[in-house]
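# Fold and geometry: a report
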Amino acid sequence: MADPISPVPSEAYCPLCMDTLRDPVTIPCGDTYCLECIKIYWDQLDHMGLYSCPQCRTTFTPRPVLRRNPPDVKPKPQRQLPELSPFPYMQRESFCDFCIGRRNKAVKSCLVCLAYYCETHVKPHYESSTFRRHKLVDETGHLDRKICPQHEKGLELFCRSDQMCICVLCTVKEHRSHNITSAEEERIEKQSCAQRAQAGSDKTFHEMLQAVERWKAEINQMIVTNMQSVVSQAKGYVERLEQEIMELQRRDTELRQIIETEDNIHFLQNFPTLCAPPEAMVPKVLINPQFSFGEMSKTATEMKEHVDDICKKELSKISKTVSETPVYILLPRNGEKQLKAVPSGVDLQEPKTRKDFLRYCCKMSIDPNTVSKELVLSDRNQRVTRKKTIQFYPDHPERFDGFCQALCKEPLTGFRFYWEAEWSGEFSIGVAYKSISRKGKSSHSLLGYNDKSWSLLCSDSGYSAWHNKVDRDLPDAPKATRIGVYLDYAGNTVAFYSISEAMELIHRFKTQFSEPLYAGFGVGSSVTLCQLQPL
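Residues numbered from 1 in each chain as written. Predicted model: local features only at pLDDT ≥ 70, side-chain atom pairs only at ≥ 80, totals over all residues. Heavy atoms only, no water.

### So, the overall build of the chain
- Counting its secondary structure elements, the chain contains 6 helices and 23 strands.
- Expressed as a percentage of its 535 residues, the buried residues of the chain come to 35%.
- Within the chain, counting contacts between residues at least 6 apart in sequence, those at least 24 apart form 55% of the total.
- Accessible surface, the chain as shown: approximately 33,700 Å² in total, 54% of it carbon and sulfur. (Helix = DSSP H or I, 4+ residues; strand = E, 2+ residues; numbered from the N terminus. Buried < 20%, exposed > 50% of the residue type's maximum accessible area, 1.4 Å probe, protein only. Contact = heavy atoms within 4.5 Å. Areas by Shrake-Rupley, 256 points an atom, 1.4 Å probe, with all protein chains shown as cover.)

Pasting the structure below:
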């Protein structure tokens, strides 16, 4: 067996994935790559129609046909790319890299040449067809921040899965199969968010106004209908009263004739009629003093006040949320102090009460593609339970197959996040990079046992904090079946709290985050993500 620490010849490695060549293919310039790696790399260049070698940068048009090398063809020794010259990224103004003597101020930088240009030296980029595929941007300094630190190529793409800018080489390995788009499309998408929010707000308020108009029309119709009914009843009473008056007038005439007659017999025969009072044709009408349309006016006023209260309450809530959510965060670079770019209304002090922490609560769900085959998801991917029987999940590169573990779907990067989980049986909770290993039972894939994850191990006997194979027992930590996790990504801290009648700190990691993080769990019996709402 070969010595495991002896160097493998460089020609046996693919320059793209930095792994042993698989199905090697040699492209026209003589460089050799894995068939799948160079295919993925060139797929990213299809929109340009110009294909280049990632090493020597020789260009090809049309796209070369890829065929596996015969067994007797050995890969060409890999070339070493020239070392990039340092750029004055710490200066407010950058200067042309091609001026001799006194250097002129740069007006453009090229993401292909990785250099700054003044007005004179940038002209070939506009005039020569050689540079037609180069990407020029306005000189804003910090050119190094526009270059992939791993592959030293321009950051032209955006990974939506990990919420970060990447280069085309990143799509081959680190961000393979991720949701990737161009930087331009992602910028348009993010810029249109505010426009969509405004359009949605306008639509909602328009619908609210239409609803109020409908309510107004219904109340007005109710008032008109009741008024018409009252008037109709009054008219009926008036008509019957007029008939009764006419009848009384007729009777009055008859009675006068009887009283004035000289015929005694006729008077006596009709005298009983004089004594009998006439029957009323219309009952006595009294106006109800309590009847009024004021109740409808009162109801309309109460509806207005209720709507005002709802709008004030919700507007205050959303205003607070928006003012406390940063638009962006400036992460510190090597040698720089911590930088934060947040709205003025945000309190950058460490949260102290549970109410303070709940301001940063976030909704999460367990990723079905990561759960071990001994785990069962339920409650809309909010609960995971360990079973003795193996579950028939499809194979997936992100599934843990050595330990009963799972990660959540949502990438956590940029600012502050808080979540809670309830547990039973031995349990670990923490955060991990997406690049944590998923296969086998080595420390590389166990939450907290490597440099890609931080965790708190919880059991009935106590707690211990783990990172990179270093554990720390926490015998005096307060016990609870609910654990809260607070991640301050910009502040490079992750802390664990026991949640019972009081909220008490168990342990805090102070570190340096370099990738988006994902909430993770190791399951002994069951784990449930708690549904939290800001207080």
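### Describing the confidence of the model for the chain
- For the chain, the mean per-residue pLDDT works out to 80, and 81% of the residues sit at or above 70.
- Across the chain, strand β13 (residues 405-407) holds the top mean pLDDT of 96, while helix α5 (residues 294-324) sits lowest at 72.
- Contacts for the low-pLDDT stretch residues 1-10, under 50 throughout, to residues beyond four places or in other chains number 2 contacts. (pLDDT = per-residue confidence, 0-100.)

### Some remarks on the sheet that holds strand β15 (residues 427-433)
- Ordered in space as β13-β22-β15-β16-β17-β18, the 6 strands form an open sheet in which the pairing is antiparallel. Since the sheet does not close on itself, it has two edges, and those belong to β13 and β18 (470-474), each with one partner. Adjacent strand axes in the sheet meet at a mean angle of 20°, parallel and antiparallel pairs treated alike.
- Pairing analysis gives 5 bridges linking strand β17 (residues 462-467) to β18, with the strands arranged antiparallel. Opposite Trp466, over in β18, you have Asp471 as the bridge partner. (Pairing = 2+ DSSP bridges. Axes fitted to C-alpha atoms, helices over the stretch in contact; angles between N-to-C directions.)

### A short note on the pattern of salt bridges
- Across all of its chains, the model carries 15 salt bridges by this definition.
- A salt bridge links Glu422 to Arg482, with the shortest nitrogen-to-oxygen separation between them at 3.0 Å. Separated by 60 residues along the polypeptide, Glu422 in strand β14 (residues 416-424) and Arg482 in strand β19 (residues 482-488) bring together distant segments of the chain.
- Judged by relative accessible area, Glu422 falls into the partly exposed class, the value being 35%.
- On the basis of relative accessible area, Arg482 is assigned to the partly exposed category, the value being 21%.
- Each member of the salt-bridge network shares a partner with another, and the members are Arg354, Glu420, Glu422 and Arg482. (Salt bridge = Lys/Arg side-chain N within 4 Å of Asp/Glu carboxyl O.)

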